[in-house]
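Descriptive structure summary
Chain by chain, the residues run as shown.
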Amino acid sequence: MSNQDDQFKKVISHAKEYGYIFQSSEIYDGLSAVYDYGQNGVELKKNIREYWWKSMVQMHENIVGIDAAIFMHPTTWKASGHVDAFSDPLIDNKDSKKRYRADVLVEDYAEKLNQKAEKEIAKAAKRFGDSFDRETFVTTNGRVMGYHQKAKDATARLAKSLDADDLADVKALIEELGIVCPVSGSKNWTEVRQFNLMFGTKLGASAETATDLYLRPETAQGIFVNFLNVQKTGRMKIPFGIAQTGKAFRNEIVARQFIFRMREFEQMEMQFFVRPGEEMKWYHHWKETRLKWHTSLGLGEENYRFHDHEKLAHYANAAADIEFNFPFGFKELEGIHSRTDFDLKAHEEHSGKKLQFFDPELNESYVPYVVETSIGLDRMFLAVLSKSLQEEALDNGTSRVVLKLPALLAPVKAAIFPLVKKDGLPEIAREIIDELKYDFNVLYDEKDAVGKRYRRQDAAGTPFCITVDHQTIEDKTVTVRHRDTMEQQRVAIEELGELIGKAVSFRHWIK
Ligand code: GAP
């Protein structure tokens, strides 16, 4: 097992052990790619959502929020292109009866070649020591160049055939590369077919009169169909944005990597409406602004990178992902898309209603262009959780597991302990809780030795532990122990609110 796999397994089991994430309906053996958030998970998720909402809506005079319904008129999805084009190419193995995404089979094949190249590089690095020059080795070593070229050729051919909607060629490619089914080991493949990712459901009492509906696969369309409602009632002037957080549903075929790719997930999206011709300026603005939001959390700037799309969706004239260094490598965390006027125009056509803005400065009406920022809340949760989970060697030769969540996002901000369960100490601890609970999520713990209680809170991600001891009775001070440094300081009870408040305030974190 690689270090990456090992770290990822640790994240998954830690998430369960400390009440962050459970598999959905686990007592019935679970439901694939569907997860529940536990008592700590729900708080962390809420805090991430709030950090996004405050920085996008509250901090921008020209951005407002909405909460549109999950069910939408079915024509919405015709207009948006989801009925016709929101699909994945699937292939079945006739022996194992397992279904795969054809593009993922080819991408995995290419990834394996790249991993082989990495192994060669690592071997050489070890052999040459300090004198090793990676760049020179990668561009001159025949074996490494061969692996890279083969991987590149495979993905280029895949992109070309998918672009041309040539599914027969995708199958031919799988056969030519000799890709086998991971379960049966055979090359006995069916044709490749497109499979729509939207979940269908019905609205209405009887089978005859029921209307076919879809569970929304993205929250964005709820914003587009409300564009005019918000613009008019909010007297919004272009440029302005509409933000929304909420559930989205996709019948993902390759649903794996824990909460990275789920069938039911939550998005945080913002559509920014601009003058036609000004979209590139705003596209660059939002790319930078969103990256700043991510790095403000202090998880390490080196863990983010942009991936600019070369192949664009039919409605976009520019698109980029912010990728994050997950335990399984750099993968998409957020998308920033310049969507042109595609969506509003499509809704105009399908609804017969004008979705335009009268620009008083230009003295003309137009369909605004849109720059979208779209991030998966669950994916953001995984990014925060996986980077925060650390195992630290301690000076005394032992180690500790610590969840170094940004204090602003931590589910519980402080745990209050009486040193012993007697002498009036529990009563003082309860009084402190009664004071702090109005402003912060705090908890009481009196079980086990204090050292053990510290470890428990380290692993759960609580930034502060506050211990009430006999000195507290004399001078109304307590010991505050900091999660990340393990430093302890003596603090007056009446100063606790200010100390915690500073560490978790939005003002302190946002850039
Ligand atoms: N409105 C644009 C849109 O939906 P997308 O790239 O399909 O674009 C945006 O999705 C974000 O939603 C992704 O960057 C990812 O963070 C998240 N996301 C998409 N599918 C997901 C899934 N199956 N599970 C979890 N998050 C997902």
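What counts and what doesn't
- Residues numbered from 1 in each chain as written.
- Predicted model: local features only at pLDDT ≥ 70, side-chain atom pairs only at ≥ 80, totals over all residues.
- Heavy atoms only, no water.
- Phe/Tyr/Trp six-rings, centres within 6.5 Å; stacked < 30°, edge-to-face > 60°.
- Helix = DSSP H or I, 4+ residues; strand = E, 2+ residues; numbered from the N terminus.
- Buried < 20%, exposed > 50% of the residue type's maximum accessible area, 1.4 Å probe, protein only.
- Near = heavy atom within 4 Å.
- Polar contact = N/O pair within 3.5 Å; in protein donor to acceptor, adjacent residues only side chain to side chain.
- Areas by Shrake-Rupley, 256 points an atom, 1.4 Å probe, with all protein chains shown as cover.
- Contact = heavy atoms within 4.5 Å.
- Axes fitted to C-alpha atoms, helices over the stretch in contact; angles between N-to-C directions.
- Parallel < 35°, antiparallel > 145°, perpendicular 65-115°, else oblique.
- Left-handed = near helix turned anticlockwise from the far one by under 90°.
- Nonpolar A, V, L, I, M, F, W, Y, C, P; charged D, E, K, R; others polar.
- Pairing = 2+ DSSP bridges.

A look at the packing of aromatic side chains
- Tallied over the full model, the rule gives 25 aromatic pairs.
- Measuring from centroid to centroid gives 5.7 Å for tyrosine 51 and phenylalanine 506, while their planes differ by 75°, and the two rings are edge-to-face. Of this pair, tyrosine 51 sits in helix 2 (residues 41–58) while phenylalanine 506 sits in helix 18 (residues 506–509); the two residues are 455 residues apart in sequence, bridging distant segments of the chain.
- Using a relative accessible area of 2% as the deciding quantity, one classes tyrosine 51 as buried.
- Judged by centre distance (6.3 Å) and plane angle (10°), the ring pair of phenylalanine 128 and phenylalanine 132 falls under stacked.
- Residue phenylalanine 128 is classed as partly exposed on the basis of its relative accessible area, which comes to 43%.
- Here a set of aromatic residues connected by ring pairs shows up, and it is made of Phe8, Tyr35, Phe258, Phe260, Tyr304, Phe324, Phe326 and Phe328.

Description of the site of the ligand
- The environment of the ligand is formed by 21 residues, the closest being Glu218, Arg250, Met262, Glu269 and Glu332.
- One of the backbone nitrogen or oxygen atoms of methionine 262 is found 2.8 Å away from a nitrogen atom of the ligand.
- For the ligand, whose accessible area on its own is 550 Å², the fraction buried by protein is 91%.
- With 6 residues, strand 13 (residues 329–340) is the largest single contributor of residues to the shell around the ligand.

As for unusual backbone geometry
- In this structure, proline 239 follows isoleucine 238 across a cis peptide bond, with omega equal to 5°.
- Mapping proline 239 onto the fold places it in the loop between helix 10 (227–233) and strand 9 (240–249).
- The backbone of lysine 97 sits at a positive phi, close to 65°, despite the residue not being glycine.
- Along the chain, lysine 97 turns up in the loop between strand 4 (87–92) and strand 5 (99–101).
- The class of lysine 97 is exposed, set by a relative accessible area of 66%.
- For arginine 235, which is not glycine, the phi dihedral falls at a positive 45°.
- Mapping arginine 235 onto the fold places it in the loop between helix 10 and strand 9.
- The class of arginine 235 is exposed, set by a relative accessible area of 71%.

Describing the side chain of aspartate 88
- Here aspartate 88 is to be found in strand 4.
- You can call aspartate 88 buried: its relative accessible area is 8%.
- A polar contact of 3.4 Å, which involves the side chain of aspartate 88, links it to the side chain of arginine 101.
- For aspartate 88, the contacting residues outside a window of four places in its chain are Arg101, Arg193, Gln194, Phe195, Leu197 and Glu252.

Description of the environment of isoleucine 238
- Counting through the fold element by element, isoleucine 238 comes out in the loop between helix 10 and strand 9.
- By relative accessible area, which is 14% here, isoleucine 238 ends up buried.

Topic: the environment of leucine 385
- Along the chain, leucine 385 turns up in helix 13 (residues 377–388).
- Sequence-distant contacts of leucine 385, defined by excluding residues within four places in its chain, comprise Val11, Ala15, Tyr20, Leu44 and Leu403.

Description of the packing of helix 5 (residues 102–128) against helix 7 (residues 142–163)
- Running from N to C, helix 5 and helix 7 point in directions that differ by 165°, and their axes come no closer than 8 Å. One element, helix 5, and the other, helix 7, form an angle in the roughly antiparallel class. In this structure, helix 5 crosses over helix 7, and the sense of that crossing is left-handed. Where helix 5 abuts helix 7, its residues Asp103, Val106, Glu107, Tyr109, Ala110, Leu113, Asn114, Lys116, Ala117, Glu120 and Ile121 lie against Arg143, Val144, Tyr147, His148, Lys150, Ala151, Ala154, Thr155, Leu158 and Leu162.
- Of the residues in the contact of helix 5 with helix 7, the class split is 12 nonpolar, 3 polar and 6 charged.

Considerations on the sheet that holds strand 19 (residues 414–418)
- Taken in spatial order, the 5 strands make up an open sheet running 20-19-21-22-23, and their pairing is mixed. Lying at the two open borders of the sheet, with one neighbouring strand each, are strand 20 (442–444) and strand 23 (488–492). Strand-to-strand, the axes of this sheet are offset by a mean angle of 25°, without reference to chain direction.
- Here strand 21 (residues 464–468) pairs with strand 22 (residues 477–482) via 4 bridges, running antiparallel. Bridging across to strand 22, isoleucine 466 finds its partner in valine 480.
- Taken strand by strand, helix 17 (residues 496–504) contacts strand 19, strand 21, strand 22 and strand 23, and its axis lies near 170° from that of strand 21.

Some words on the side chain of arginine 481
- Within the secondary structure, arginine 481 sits in strand 22.
- Within the structure, the side chain of arginine 481 is placed 2.6 Å from the side chain of aspartate 458, a separation counted as a polar contact.
- Residues in contact with arginine 481, not counting those within four places in the same chain, are Arg400, Tyr454, Arg455, Asp458, Pro463, Phe464, Cys465, Met486, Glu487 and Gln488.

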